[in-house]
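Take a look at the letters that make up each chain.
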Amino acid sequence: MTLQSVGLDIAYPVDTFMITIEDIFKQLQSYYSQVDQDLLIRACEFCTRAHHGQKMVDGREYLQHSLEVASILARLKVDETTLIVGILHNSLQSDLVSRDELVVEFGQEIITLIETGNKISNIPYRQSNQQQVESFRKMFVAMARDLRVILVYLAVRLSDMRSISHRTVQEQAAYSRETLEIYAPLANRLGISWLKGELEDLSLQILEPEKYAALAQRITAHKEERGEYVTKVREQICALLKQNNLSGEVTGRFKHFYSVYRKMERTGVGLDEIYDLTAFRILVDSVRECYEVLGLIHATWKPIPGRFKDYIAMPKTNMYQSLHTTVIGPYVERMEVQIRTREMHRVAEEGVAAHWKYKEGGAVSVTGRDDQRFNWLRQVLEWQRDVSTEWNASDTSFIDLFPEEVYVFTPNGDVKELPQGSCPIDFAYAVHTDVGRQCVGARINGKLCPLKTQLKNGDIVDVLTSAHQTPSKDWLSFVKTSKARNKIRHWVKAEQREKSIEIGRELLEKELRKHQYSLKRTMSLAGFSQAVSELGFKSTEDVFAAIGYGKLSVGQVVSHALPKEDQKKQQRKTGPLGKVLEKFARRKPQSAILIGGIDNVMVRFANCCNPLPGEPVTGFITRGRGLTVHAKNCAQVLASDPERRVDIEWDMQRKTTRPVKIQVTCSDQKGMLVGISGAISNADANIFSASVHTRGDKKGTNLFEIDVENLEHLNRVIREIKKVKGVLRVERIKN
């Protein structure tokens, strides 16, 4: 059954028909005066050569399909370039012509658009949940990047849907579902309501043939009568406006089959309860006239209670404004009347008040940012329709609507939305935490790739896993998603904790043996649980971990947990050598660092930042290497495990010195080294080493390693060096 067979008066053809290039010229000339007919003719000839002997599923020559696509695009008022892309959209798939021939004949821009479209057409679509469908739509737009590619493939899809009855039953169902979920909503978001309506009706005809036939039969049973009804009511409304000295534009229409079907499904009502099956729209010049027309309509026809909505006084959240009312019209027919100003209509039609989210329904809402992007697309389309000269693609058509995201596929066809720059590890964690944790490699579009590889729109990613694999800390340097980052950090932290617990247990056992205690016996003592609590920990494992991290000494645990008399016995057993070692251990460290709550810890200074006394510092516990002192803003320590950081400060009462490197850039002239060395000596600093390099630009670079007491001392040295004539720059080198 076709739309024509049920008597629907439609503006688009469905059955097989012939389109000529002259028909395309006529459509173009209606809005575009500078048509290059020779270029379009060459495109048709090239298409014929590329698809020689190839026919469409409905038996037509392939050129007829291309011309139909061009005709649909011409109805959208596109430029010549877009029309040529529409005609040649599938030519690269042919073995009869080459890419180079196409470039020579039509240029690189057209080739790029065709190749982009071909890539999109090869995307594997699989019906899934609403979120997956929305991600697929966004990926479609993100991959297209150029508005003209989207328009071409909407036109191609409409042409294919018009001849879909010639495909297999399985192909019809899959193709119609994809059309309904991807292409029709995109047309709707672009504001191309006629294209959206036709795609939806053609899809419904395939997916729900019985319901479609029933609707078509009931709605179009009296086609002529219904057409006459719309004409008569429109005339009555026009006469009513004229009698009251009002100027307005009146239009009438019937709802699309799919719109009626969705409303019946959504509300659970029958066709008799659909109030806006027939609707009229009245456009006037002012808000005052809107309410005046409303009064005339209600005075002429009886309004249905509860069916009046004032969106002018109370606009919708998307700025939509209009008066909606349903009345019992002539012949006791219910009809909806919408009344708005021309400006309100422009706002509603151009996308500021786009109501596609309501019409598409579903549980997933699109963000306001996405909404604005699609509104921008609709504006671009309007700009294109308004221009009388050639459309400048560089101004409006090139788009990057979703630059922050990348859309990739699982091997099963599910879409994953990831941040731009994401890698296979991000993808693996998006699939499942266990997949990410066990990721050892990935195939992207069938090829093995490094885990650092950045994913691109449309990539098909197959993650390779191993039960023996665990996350690596190195992954944190290139993953992008917060989920992957958090999971990796959690795993690394847990792994470090396990190792620290093991080390802490061993250290405590070793210390307890000196007191003739085993760990098991110690843990059975009544004072052990109390010791854990007194030390500020919740569990025994926390105590072991703190010892392993170096945050807690075994001596503190022993002194809290063991009976005092047993500790004294151990002290009495300590010989002369032991007393000397204890005395040495109690000596303050010579590092000029004060460490709160930690004793007997070896201290060293980080080479990455080389902190000086007077600078803010922090300590990092390194197993087997004691405490490493870093500058507080050191990038390396900021990226480290916070559990292993401790608060420290400089002991400014202790006199000590620290080596530091400085680089001096100066003019290449005699006596510079002597002058700089003298300045350093004048500032009471000792020089450990010096190296001098001359450059081709009559400048020299001098690297000194000097000994300073603190940050203030270093600043004094730098000030003295800058006083030397010929010195251009002095800077501290931290590594």
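Residues numbered from 1 in each chain as written. Predicted model: local features only at pLDDT ≥ 70, side-chain atom pairs only at ≥ 80, totals over all residues. Heavy atoms only, no water.

Draft legend 1. Spatial organisation of the overall build of the protein chain. Looking only at helices and strands, the protein chain features 30 helices and 21 strands. Expressed as a percentage of its 735 residues, the buried residues of the protein chain come to 47%. Considering only intrachain contacts with a sequence separation of at least 6, the fraction spanning at least 24 residues in the protein chain is 67%. Just so you have it, the protein chain exposes about 37,300 Å², and 50% of that area is on carbon and sulfur atoms. (Helix = DSSP H or I, 4+ residues; strand = E, 2+ residues; numbered from the N terminus. Buried < 20%, exposed > 50% of the residue type's maximum accessible area, 1.4 Å probe, protein only. Contact = heavy atoms within 4.5 Å. Areas by Shrake-Rupley, 256 points an atom, 1.4 Å probe, with all protein chains shown as cover.)

Draft legend 2. Local environment of the sheet that holds strand β18 (residues 658-667). Spatial strand order, β19-β20-β18-β21: four strands in an open sheet with antiparallel pairing. The strands lining the two open edges of the sheet, one partner per strand, are β19 (686-694) and β21 (727-733). When strand polarity is set aside, the average angle formed by the axes of neighbouring strands in this sheet is 20°. Here β19 pairs with strand β20 (residues 699-708) via eight bridges, running antiparallel. Bridging across to β20, serine 691 finds its partner in leucine 703. Its contacts with the sheet put helix α29 (residues 672-682) on β18, β19, β20 and β21, and the angle it makes with β20 is roughly 25°. Along the sheet face, helix α30 (residues 711-722) touches β18, β20 and β21 and points at about 160° away from the line of β21. (Pairing = 2+ DSSP bridges. Axes fitted to C-alpha atoms, helices over the stretch in contact; angles between N-to-C directions.)

Draft legend 3. Here's a closer look at a negative patch on the surface. On the surface, a cluster of negative charge is contributed by Glu498, Glu502, Glu506 and Glu541. Structurally, glutamate 506 is set in helix α21 (residues 482-513). (Patch = residues over 30% accessible without salt bridge, like charges linked within 9 Å, V, L, I, M, F, W, Y side chains within 5 Å. Salt bridge = Lys/Arg side-chain N within 4 Å of Asp/Glu carboxyl O. Lys, Arg positive; Asp, Glu negative; His and termini not counted. Charge placed at Lys NZ, Arg CZ, Asp CG, Glu CD.)

Draft legend 4. The arrangement of α30 in detail. With 12 residues, α30 should reach 16 Å at 1.5 Å per residue; the first-to-last C-alpha distance of 17 Å fits that figure. Those residues of α30 lying buried are His713, Leu714, Val717, Ile718 and Ile721. Axial view of α30: buried residues confined to an arc of 140°, hence all on one face. Next to the buried residues of α30 lie β18, α29, β20 and β21. (Expected span 1.5 Å × (residues − 1). Arc of directions from axis to C-beta.)

Draft legend 5. Spotlight on the pairing of β18. Inspection of the sheet shows β18 paired to β20 by 10 bridges, in the antiparallel sense. Considered in β20, the bridge of valine 664 is made with asparagine 702. Judged from the six bridges that link them, β18 and β21 form a sheet pairing that is antiparallel. Along β21, the bridge assignment pairs valine 664 with valine 730.

Draft legend 6. Quick look at the sheet that holds strand β9 (residues 439-444). Here three strands make up an open sheet; going across it, the order is β10-β9-β11 and the pairing antiparallel. Bordering the open sheet on either side are β10 (447-449) and β11 (461-465), each of which pairs with just one other strand. Between one strand axis and the next, the sheet turns through 35° on average, direction left out of account. Lying over the sheet, helix α19 (residues 424-431) contacts β9 and β11, oriented at roughly 105° with respect to β9.

Draft legend 7. Just the packing of aromatic side chains, in detail. Here the structure, examined in full by the defined rule, presents four aromatic pairs. Look at tyrosine 212 and phenylalanine 257: their rings are 5.2 Å apart centre to centre, the planes differ by 75°, and that puts the pair in the edge-to-face class. Highlighted residues: tyrosine 212 in helix α11 (residues 209-219) and phenylalanine 257 in helix α13 (residues 257-267), separated in sequence by 45 residues. You can call tyrosine 212 buried: its relative accessible area is 1%. Residue classification places phenylalanine 257 among the buried positions, given a relative accessible area of 1%. (Phe/Tyr/Trp six-rings, centres within 6.5 Å; stacked < 30°, edge-to-face > 60°.)

Draft legend 8. Here's a closer look at the nonpolar core. Counting 62 residues, the largest nonpolar core has Leu40, Leu73, Leu83, Leu88 and Phe106 as its most contacted members. For this core, the leading source of residues is helix α8 (residues 147-162), giving 11 residues. Leaving out residues up to four positions away in the same chain, phenylalanine 106 has contacts with Leu39, Arg42, Ala43, Phe46, Ile84 and Leu88. Judged by nonpolar contacts, the second largest core, of 24 residues, contains Val250, Leu296, Val327 and Ile339. (Core = buried A, V, L, I, M, F, W, Y, C linked by side-chain atoms within 4.5 Å.)

Draft legend 9. Seen up close, the packing of helix α9 (residues 169-189) against helix α10 (residues 193-207). Packing of α9 against α10 brings their axes to within 9 Å, and their N-to-C directions diverge by 160°. In this view, α9 runs roughly antiparallel relative to α10, as classed from their interaxial angle. By crossing handedness, the relation of α9 to α10 is classed as left-handed. For the pair formed by α9 and α10, the contact residues are Gln172, Ala173, Ser176, Arg177, Thr179, Leu180, Tyr183, Ala184, Ala187 and Asn188 on the first element and Leu195, Lys196, Leu199, Glu200, Ser203, Ile206 and Leu207 on the second. Grouping the constituent residues of the contact of α9 with α10 by class yields nine nonpolar, five polar and three charged. (Parallel < 35°, antiparallel > 145°, perpendicular 65-115°, else oblique. Left-handed = near helix turned anticlockwise from the far one by under 90°. Nonpolar A, V, L, I, M, F, W, Y, C, P; charged D, E, K, R; others polar.)

Draft legend 10. The environment of isoleucine 503, seen in detail. One can find isoleucine 503 in helix α21. Note: C-alpha distance between isoleucine 503 and alanine 545 (42 residues apart in sequence) is 7.8 Å.

Draft legend 11. Broad picture of the confidence of the model for the protein chain. Per-chain confidence: the protein chain averages 77 in pLDDT, with 78% of residues scoring 70 or above. Element-level pLDDT for the protein chain is lowest in helix α18 (residues 393-396), with a mean of 38, against a maximum mean of 94 in helix α14 (residues 287-300). Segment residues 350-366 is flagged for pLDDT under 50; beyond a separation of four residues in sequence, or across chains, it makes 42 contacts in the model. Overall, residues 574-590 carries pLDDT values under 50, and its contacts beyond four positions in sequence, including any with other chains, amount to eight contacts. (pLDDT = per-residue confidence, 0-100.)

Draft legend 12. Broad picture of the packing of helix α2 (residues 37-50) against helix α3 (residues 62-75). Running from amino to carboxyl end, α2 crosses α3 at an angle of 140°, the nearest separation of the two axes being 9 Å. Classified by the angle between their axes, α2 and α3 sit oblique to one another. Seen from above, α2 lies across α3 with right-handed handedness. For the pair α2 and α3, the contacting residues are Cys44, Cys47 and Thr48 in the first and Tyr62, Leu63, Ser66 and Leu67 in the second.

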